[in-house]
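Inside the fold
Chain residues, written in single-letter form:
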Amino acid sequence: MSERRVRVYDDKQSLADAVAARFLKRLAEVLAEKPMAHIVLTGGTMGETVLASVAAAKGRDKVDWSRVTFWWGDERYLPSGDPERNETQSRRALLDELDLPGANIKAYPAPGEHPTIEAAADAYAAELAAAAPAGEAYPVFDLTFLGVGPDGHVASLFPDHEAVRDREHVVLAETASPKPPPERLTLTLPVINSSERVWLVLAGPDKAGALGLTLADANPADVPAAGVKGRMRTVFFVDAEAAAEVPENLLTRERFWTAAHEVPQTR
Ligand SMILES: O=C(O)[C@H](O)[C@@H](O)[C@H](O)[C@H](O)COP(=O)(O)O
């Protein structure tokens, strides 16, 4: 039974630090149960801020990162190494600091690697299938991170765009993104929702409307974040500004976790 929670923190930095601490703890719990964890990262400033907090976290090196595979929910279709690529930003914030085999970083193709952007989407779908359990199209994602745009978009699934309604494909090309750059690759909503847990991380007053509509169960075609539902848990980690339009009874107000939540050793 999937449960939806809203956890509110005073400000953007304590939000990012708390999500980072929870991530390391959750990762240790996953690795106590299975040989490889599959994590889906997000682009955007909050996604990057959370990764920077993980990089700075005391418990970071207690994790056996060789047992973690990183995917992305979407990617800007830009040349490899472009500073605007989600992969570049995730590497800079965290991944390049970890003792992590390159094969564990599952980057989307860049322009030129395939004849078309649609072929690039198919190539990433094939990579997901290659890492999947027999007969499945993609791995079991233990945790998917998502940022949320002011219009309620998640990954590169934008309001009223075809991709947000698609239930057939695993990866799609978006060629008219209202958020630059226009060309992107994205997981579809069913694939995002196949995740055991989805954590949406939002900060700032410009997200209050989207969060309010999401929690009021708006139509996902209009507010894609409203269509997000992890198999076990869906948690919105937000700062006080983003929570401004959420009814108090839906909020769990938290202070940043204390060091009491140590990260168990998995190395
Ligand atoms: O490629 C991207 O831009 C992201 O995947 C996108 O979905 C992002 O997460 C949201 O736009 C929120 O971005 P912010 O956290 O910067 O507001």
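Residues numbered from 1 in each chain as written. Predicted model: local features only at pLDDT ≥ 70, side-chain atom pairs only at ≥ 80, totals over all residues. Heavy atoms only, no water.

Here we come to the packing of helix H1 (residues 12–31) against helix H2 (residues 45–56). Packing of H1 against H2 leaves a shortest axis separation of 8 Å and a crossing angle of 60°. What the angle tells us is that H1 and H2 run oblique. Classified by chirality, the crossing of H2 by H1 is right-handed. Here H1 contributes Lys 12, Gln 13, Leu 15, Ala 16, Asp 17, Val 19, Ala 20, Phe 23 and Leu 24 to the contact with H2, which in turn contributes Thr 45, Met 46, Thr 49, Val 50, Ser 53 and Val 54. The residue makeup of the contact of H1 with H2, split by class, is nine nonpolar, four polar and two charged. (Axes fitted to C-alpha atoms, helices over the stretch in contact; angles between N-to-C directions. Helix = DSSP H or I, 4+ residues; strand = E, 2+ residues; numbered from the N terminus. Parallel < 35°, antiparallel > 145°, perpendicular 65-115°, else oblique. Left-handed = near helix turned anticlockwise from the far one by under 90°. Contact = heavy atoms within 4.5 Å. Nonpolar A, V, L, I, M, F, W, Y, C, P; charged D, E, K, R; others polar.)

Further remarks concern the UniProt feature "domain: Glucosamine/galactosamine-6-phosphate isomerase" (unreviewed entry) in the protein. Under the present numbering, the feature "domain: Glucosamine/galactosamine-6-phosphate isomerase" (unreviewed entry) in UniProt falls on residues 11–234. In this annotation, residues 11–234 is assigned 31% helix and 15% strand; the end-to-end C-alpha distance for the span is 21 Å. (UniProt positions renumbered as here; feature names shortened; annotations may be inferred.)

Attention shifts here to the site of the ligand. If you check the shell around the ligand, you find 15 residues, and the closest are Thr 45, Asp 74, His 153, Ala 155 and Lys 207. Between an oxygen atom of the ligand and a side-chain N or O atom of Lys 207, the distance comes to 2.5 Å. Calculation on the ligand without its partners gives an accessible area of 420 Å², and the protein chains cover 93% of this total. Among the secondary structure elements, those contributing two or more residues to the shell around the ligand are H2 and strand E4 (74–76). Looking at the shell around the ligand residue by residue, the class counts come to three nonpolar, seven polar and five charged. (Near = heavy atom within 4 Å. Polar contact = N/O pair within 3.5 Å; in protein donor to acceptor, adjacent residues only side chain to side chain. Areas by Shrake-Rupley, 256 points an atom, 1.4 Å probe, with all protein chains shown as cover.)

With 79 residues, the main nonpolar core has Ile 39, Trp 65, Phe 145, Leu 187 and Leu 200 as its most contacted residues. Looking at this core, the element that brings in the most residues is H1, giving ten residues. Apart from residues lying up to four places away in sequence, Phe 145 is in contact with Val 19, Phe 23, Ile 39, Val 40, Leu 41, Thr 42, Val 50, Trp 199 and Val 201. (Core = buried A, V, L, I, M, F, W, Y, C linked by side-chain atoms within 4.5 Å. Buried < 20%, exposed > 50% of the residue type's maximum accessible area, 1.4 Å probe, protein only.)

Moving on: the pairing of strand E8 (residues 197–202). Within a regular strand, side chains alternate between the sheet's two faces. Where burial is concerned, most of E8 is hidden: six out of the six residues are buried. Judged by which residues are buried, E8 turns out to be covered on both faces: Arg 197, Trp 199 and Val 201 on one side and Val 198, Leu 200 and Leu 202 on the other are all buried. Read from E8 through helix H7 (residues 208–215) to strand E9 (residues 233–239), the crossover connection turns out right-handed. (Right-handed = clockwise from strand over helix to strand, strands pointing away.)

This brings us to the packing of aromatic side chains. For the structure on display, the rule yields eight aromatic pairs. Between Tyr 108 and Tyr 124 the ring centres are 3.6 Å apart and the planes differ by 15°, which places this aromatic pair in the stacked class. One end of the pair, Tyr 108, is in the loop between helix H3 (86–93) and helix H4 (117–130); the other, Tyr 124, is in helix H4, and 16 residues separate them in sequence. For the residue pair Tyr 108 and Tyr 124, the accessibility class agrees, reading buried in each case. Each member of the aromatic cluster is reached from another via a ring pair, and the members are Tyr 9, Phe 23, Phe 145, Trp 199 and Phe 237. (Phe/Tyr/Trp six-rings, centres within 6.5 Å; stacked < 30°, edge-to-face > 60°.)

A separate point is the sheet that holds strand E7 (residues 184–187). Neighbouring strands of a sheet are bound in pairs by backbone hydrogen bonds; such pairs are parallel or else antiparallel. The strand order across the open sheet formed by three strands is E4-E7-E6, and the pairing between neighbours is antiparallel. In this open sheet, the two edge strands, each paired with only one partner strand, are E4 and strand E6 (171–174). Strand-to-strand twist in this sheet, taken as the mean axis angle between neighbours without regard to direction, amounts to 15°. Across three bridges, the pairing between E4 and E7 is antiparallel. Counterpart to Arg 76 in the pairing with E7 is Arg 184. On top of the sheet, H4 reaches E6 and E7; it is set at about 155° to E6, its chief contact. (Pairing = 2+ DSSP bridges.)

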